[in-house]
Amino acid sequence: MDMNSDAPKLPVFFPNEDFDTHFKVFHELMSNKVFEILLVASPYDAYILEEDGSLASKIINEYRGLNLSRPPRITQAATAAQAMEMLAQKEFHLVIAMPHLDDMDVFDLGLQVKRAHTDLPVVLLAHSVKGIYPPPEGKDLSGIDQTFIWSGDSDLLLAIVKSMEDRLNVAADTRKAMVRVLILVEDSPLYTSYFLPLIYKEVVNQTQEVLEESLNQEHRLLKMRARPKILVAETYEQAISLYRQYADYLFGIISDTRYPKGGTITADAGYSFLCEVRKAIPDLPLLLISNEPQNKDLAARVPATFLDKNSDDLLAEIHQFFLDALGFGDFVFRRPSGSEIARAANLKALEEILPTVPDESLLYHATRNRFSNWIMARGEIAMASRLRKAKAADFSSADDIRQYIITHIHALRKWRQKGVVVHFNSKDFDPEISDFVKIGKGSLGGKARGLAFVSNLLRRSPSLQERYPDVTIQVPQTLVITTEGFDAFISHNGLEPSAMTNDSDDQIAKAFLAGDMPPWLTEQLNRFLEAVHQPLSIRSSGLLEDVHNHPFTGLYKTYMVPNNHPDFSIRCNQLITAVKLVYASTWFRDPRRFLSGTAYRIRRDQMAVIIQQLVGSRHGAFFYPDISGIAQSNNFYPVAPLKAEDGVARIVMGFGRGIPEGEPALRFSPRYPQVLPQFSKVEDILANAQRQFWALGMEGIPDGLYFERGVNVEKRHVDDAEAEAPVQRLAGTYVPAEDRIRDNVHIPGSRVLTFAPVLKYDSFPLPGLLKDLLAMGRDGMGCPVEFEFSINLTGRTDRKGTFNILQMRPMSAGEDQHDVEVTDEDAANALCYTTQALGHGRKQTMADIVFVRPDTFDPANTVAIAQSIAAVNQNLLDQHRPYLLMGPGRWGSFDRWLGIPVKWHDINGVGAMVEIRNDTLKADPSHGSHFFQHITANGIPYLTVSEGNGDFIRWDALQALSIVLSNPHLCHVQLNQPLVLKCDGRHSRAVVLLEECATG
């Protein structure tokens, strides 16, 4: 950080793209690798080279010791002729040639290789400088790229390979990813062969230390690829050329003092070179080396660090230069006097220490660019570059500098984990930073895999966040115990599914609760809880959950825990108990039965567990979110002007656990948020509005919680929460004297949850956000999707709230919801066919049809007909027999002359409904605003048949079936086999088929 130059005011906080650590570009780095080496050496030279072990073994061991990727393979040739023959037959990436070849001078061999393979690097490796340095007078040296002296140190082999790879890749890698460059200027092959291995050793060791902070294995490999490049120059002209080409990417320069300049050995060539660099880049770390101690004065005039080549501590002094100047190792806070104050081993520690560092130490390091150098050494190139550009004039105080650095470090740590599944590390786990972490090496399971995918989608969709700058869009902080934990638990306790085949769910749960968690897993969970104090949701993530076609939705258990017990051991026990019970649900009867009916019946499901910080806020003794909901790509109950492809959402206040069970929820299309069929009239609003909500109790919690009834989640009345912020933000007021609902909670009357502030007045951009997320999910998954979400409408003062995606999966709600297609053959064989159908799926659970007799129907008798239907409904309900109900006009009509005026409790056992329009009753289809909540919540197909317009009911075939009840108003038909109802909600077509006519 340059504190000595003028600049504009404090820099604006940088955009997220500066921090792109999601590695796509890094996959393209180091594209040119040395995998095949041709060693050209006489048998004697090869023997000397391998006197204490094979060259191949040495380089392999060196690679393994440094944990590098695939080591190169070495092929030997004894003569130049043999070498050229091998080069013609096979591709090599590097030629290492030794002198004393019997059939050709090594320099001539280099020229011959270059003529045949222009870009193939050729390195001269000699046992001593004698005979090769200085090179023979008038000899063409252009065939040799670099010369090294072998002293028996296998580190040199690594340095040669890496040096050649750096030369091949530096241009592309600096351009693509701003990879840093370190220049070594040395004309002596002997010293180059000494210094280069030392430099590579320092760089590789530093990179490996930084790998401890890596997010996952991929991140480790890619950080290795992004290590600094080491470039070697032998003359002043070469050094200047490299400097000018890579000035924007320089990390540091190490230069000899005496080397060729203008074709002549010049005593102060290194001094001249470093002076030119220093003028252009005042804070670049520079090191001048010399075997003449008096050149220390030249170094001071640059200024640059100086090292004497003759020093007995040269190795340690080079190491210290890398620590102090290049920022390797810990960041050591010092006073101007040099005394140490504190040290940070990683970015997290640096962020934690900075607030307490004295101003004098902060300024000492900032003016010397120590922060940017240290961060650069850790591979965080974009951030280091930005810190380096910050100027003193931008800041009014040391505290401003401090806050600037802290803000950038925090943003970097948070952003680089977006969309990345990170291995849980108790040493540096930070719940504010780590969005998605995992314990174990197994699978994430289906549900967690979907969450990880969403997290990655959000990271790759910055335009979404740009469209909603006032909303934080995220996946809540999540920890996944991979399937390795489940397998370890099962093995640790000797549990066998075959031994529990006949056990009840309660017996299975008791067996799992009696088991012990593997100690390593218990330890990890304890460390997690030490850092996390938010209420938690413990959810299943089976291998087969949320897969296409067989989604396993709702078959496993979910528990919520307050995570606020004052005794830490009890908090841990509550979490572990919840995990065990989720594990146990893997073997419960319903999942086993479902699995046996799928293509996966031959395998056993494995269970990962999601531990997610609950979304919400504390309101008195309870914790809950403002809004929870489910959004789906396809709306199978569209009411004009809605279309199926517009999507649909259902929202509630509080937790959304009751939505899948059909509890009252407000249903709307994100495209038309003010078209609300169930809220079409005041009486509809009062009848259908949410009256109760789910919340997590936070007080009076027993040590063992209430696991047998879903832990501490309670149902509360909206009226009891009238004074709480969510009701104040989402409700309107019913004014009886006016018989109207006002969008205001500051007047007398009954509070009614209308969500009008969100849907009508855009206090939170929920409709647009849902529409965009559904489109994003559909594009990402390649199919219609559904996702669960929760919203906090409070947060930072400059934000409208936080939108949290809790789960995303291919759109399906169970085995009866698979895509169906109504074929022409189906229509030809149908008992009933319509092109006006609501709902979607294939139902094969109804063996009863109750229909209003068309031959005796009289609109004057609709009240009596409703009473008859209620009696039949109760009888079938008692027998648990869902049925198909068919009749003219509007079901549930308030006007008895327009349809059958049943109430929902009169037909609450129905499995599907048919509304008939014909000459007797031509009322427009109601799509039943009165019943809409129940129909949609329970997934009941609703068919409108307009007879005479292509739709039909085959009355003759229907009346020919086995009639078990007939009265002046109704007929009740009972079938030997369930009928087949196929409802294609995408195209609004449906058929009712007797089983023998069913296809598909």
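Residues numbered from 1 in each chain as written. Predicted model: local features only at pLDDT ≥ 70, side-chain atom pairs only at ≥ 80, totals over all residues. Heavy atoms only, no water.

Draft legend 1. Geometry of the overall build of the protein. Looking only at helices and strands, the protein features 31 helices and 45 strands. Looking at the protein as a whole, 58% of its 1000 residues are labelled buried. Sequence-distant contacts, at least 24 apart, represent 72% of the contacts inside the protein between residues at least 6 apart. Of the roughly 41200 Å² that the protein leaves accessible, carbon and sulfur atoms contribute 49%. (Helix = DSSP H or I, 4+ residues; strand = E, 2+ residues; numbered from the N terminus. Buried < 20%, exposed > 50% of the residue type's maximum accessible area, 1.4 Å probe, protein only. Contact = heavy atoms within 4.5 Å. Areas by Shrake-Rupley, 256 points an atom, 1.4 Å probe, with all protein chains shown as cover.)

Draft legend 2. Quick look at the packing of helix 14 (residues 370–377) against helix 15 (residues 381–389). Where helix 14 contacts helix 15, the two axes come as close as 8 Å, and the packing angle between them is 170°. Relative to helix 15, helix 14 is oriented roughly antiparallel. Together, Ser372, Asn373, Ile375 and Met376 of helix 14 and Ile381, Met383, Ala384, Ser385, Leu387 and Arg388 of helix 15 make up the contact between the two elements. Along the lines of polarity and charge, the residues of the contact of helix 14 with helix 15 split into 6 nonpolar, 3 polar and 1 charged. (Axes fitted to C-alpha atoms, helices over the stretch in contact; angles between N-to-C directions. Parallel < 35°, antiparallel > 145°, perpendicular 65-115°, else oblique. Nonpolar A, V, L, I, M, F, W, Y, C, P; charged D, E, K, R; others polar.)

Draft legend 3. Main features of the sheet that holds strand 5 (residues 146–149). Pairing is parallel in the open sheet, where 5 strands are placed in the order 2-1-3-4-5. Looking at strand neighbours, the two that pair on one side only are strand 2 (73–77) and strand 5, the edges of this open sheet. Averaged over all pairs of adjacent strands, the angle between their axes in this sheet comes to 25°, without regard to strand direction. Bridge count for strand 1 (residues 36–40) against strand 2 is 5 bridges, and the pairing is parallel. By the bridge assignment for strand 2, Leu38 is matched with Thr75. (Pairing = 2+ DSSP bridges.)

Draft legend 4. Geometry of helix 17 (residues 445–459). Taking 1.5 Å per residue as the helical rise, helix 17 with its 15 residues ought to reach 21 Å, and the 21 Å between its terminal C-alpha atoms agrees with that figure. Burial runs high along helix 17: 12 of the 15 residues are buried. Those residues of helix 17 lying buried are Gly445, Gly446, Lys447, Ala448, Gly450, Leu451, Ala452, Val454, Ser455, Leu457, Leu458 and Arg459. (Expected span 1.5 Å × (residues − 1).)

Draft legend 5. Representation of the environment of Leu288 in the model. Mapped onto the elements, Leu288 comes out in strand 11 (residues 286–290). As for Leu288 and Tyr271, which are separated by 17 residues in sequence, their C-alpha atoms are 7.6 Å apart.

Draft legend 6. Molecular detail of the packing of aromatic side chains. One pass over the full model with this rule turns up 23 aromatic pairs. A centroid spacing of 5.9 Å and a plane angle of 20° characterise the contact between Tyr191 and Phe195, whose relative ring orientation is stacked. In this pair, Tyr191 and Phe195 both sit in helix 6 (residues 189–211), 4 residues apart, roughly one turn of the helix. Through a chain of ring-to-ring contacts, the aromatic side chains of Phe486, Phe489, Phe512, Tyr583 and Trp587 assemble into a single cluster. The positively charged end of Arg657 is found above the aromatic ring belonging to Trp694, 4.7 Å away from the centroid. (Phe/Tyr/Trp six-rings, centres within 6.5 Å; stacked < 30°, edge-to-face > 60°. Lys NZ or Arg CZ within 6 Å of the ring centre and 35° of its normal.)

Draft legend 7. The pattern of salt bridges, seen in detail. As enumerated under the stated definition, the model contains 40 salt bridges in all. It is possible to trace a salt-bridge network through shared partners that takes in Arg539, Glu786, Glu788 and Arg809. (Salt bridge = Lys/Arg side-chain N within 4 Å of Asp/Glu carboxyl O.)

Draft legend 8. Spatial organisation of the pairing of strand 3 (residues 94–97). Alternating residues of strand 3 divide into Leu94 and Ile96 and Val95 and Ala97, and every residue in both groups is buried. Judged from the 4 bridges that link them, strand 1 and strand 3 form a sheet pairing that is parallel. Paired with Val40 across the bridge in strand 3 is Ala97. Between the parallel elements strand 3 and strand 4 (residues 122–126), the chain passes through helix 4 (residues 106–116) in a crossover that is right-handed. (Right-handed = clockwise from strand over helix to strand, strands pointing away.)

Draft legend 9. Broad picture of helix 20 (residues 505–514). Listing the buried residues of helix 20 in full gives Ile508, Ala509 and Phe512. Each buried residue of helix 20 sits inside an arc of 100° when the element is viewed along its axis, so together they form one side. Residues of helix 20 that are exposed and point over 90 degrees away from its buried face: Asp506, Lys510 and Ala514. (Arc of directions from axis to C-beta.)

Draft legend 10. Representation of the packing of helix 19 (residues 483–493) against helix 21 (residues 519–531) in the model. One way to put it is that helix 19 packs onto helix 21 with a least axis distance of 10 Å and a crossing angle of 135°. The orientation of helix 19 relative to helix 21 falls into the category oblique. Side by side, helix 19 and helix 21 meet where Glu484, Gly485, Ala488 and His492 of the first sit next to Pro519, Trp520 and Leu521 of the second. When its residues are assigned to classes, the contact of helix 19 with helix 21 shows 4 nonpolar, 2 polar and 1 charged.

Draft legend 11. Here's a closer look at the environment of Leu307. Structurally, Leu307 is set in strand 12 (residues 305–308). Those residues in contact with Leu307 that lie beyond four places of it in its chain are Leu287, Leu288, Ile289, Ser290, Leu314, Glu317 and Ile318.

Draft legend 12. Local environment of the sheet that holds strand 8 (residues 250–256). Ordered by their spatial adjacency, 5 strands build an open sheet running 7-6-8-11-12, and the pairing between neighbours is parallel. The outermost strands of the open sheet, each flanked by one partner alone, are strand 7 (229–233) and strand 12. Between one strand axis and the next, the sheet turns through 20° on average, direction left out of account. In terms of strand pairing, strand 6 (residues 181–185) meets strand 8 through 5 bridges, oriented parallel. Considered in strand 8, the bridge of Val185 is made with Ser255. Helix 11 (residues 314–324) rests against strand 6, strand 8, strand 11 and strand 12 of the sheet, and its axis sits at about 165° to strand 12.

Draft legend 13. Molecular detail of the side chain of Glu788. Within the secondary structure, Glu788 is located in strand 32 (residues 785–792). At 3.2 Å, the side chain of Glu788 forms a polar contact with the side chain of Arg539. At 3.3 Å, the side chain of Glu788 and the side chain of Arg809 are in polar contact. Excluding anything up to four places from it in sequence, Glu788 contacts Arg539, Gly629, Ile630, Asn804, Ile805, Leu806, Gln807 and Arg809. (Polar contact = N/O pair within 3.5 Å; in protein donor to acceptor, adjacent residues only side chain to side chain.)

Draft legend 14. Geometry of the confidence of the model for the protein. Chain-level pLDDT for the protein is 84 on average; 85% of the residues reach the 70-or-more range. Taken as a whole, residues 2–23 scores under 50 in pLDDT and shows 61 contacts with residues more than four places along the chain or in a different chain. For the stretch residues 813–817, pLDDT sits under 50, and the model shows 10 contacts to residues farther than four places along the chain or on other chains. (pLDDT = per-residue confidence, 0-100.)

Draft legend 15. Local environment of unusual backbone geometry. Backbone torsion omega between Val302 and Pro303 reads -10°, so that peptide bond is classified as cis. Along the chain, Pro303 turns up in the loop between helix 10 (296–301) and strand 12. Despite not being glycine, His100 shows a phi value in the positive range, around 65°. In this structure, His100 sits in the loop between strand 3 and helix 4. Judged by relative accessible area, which is 63%, His100 ranks as exposed. A positive phi angle is found at His880, which is not glycine, with a value near 55°. Turning to its location among the elements, His880 is positioned in the loop between helix 29 (862–878) and strand 38 (883–888).

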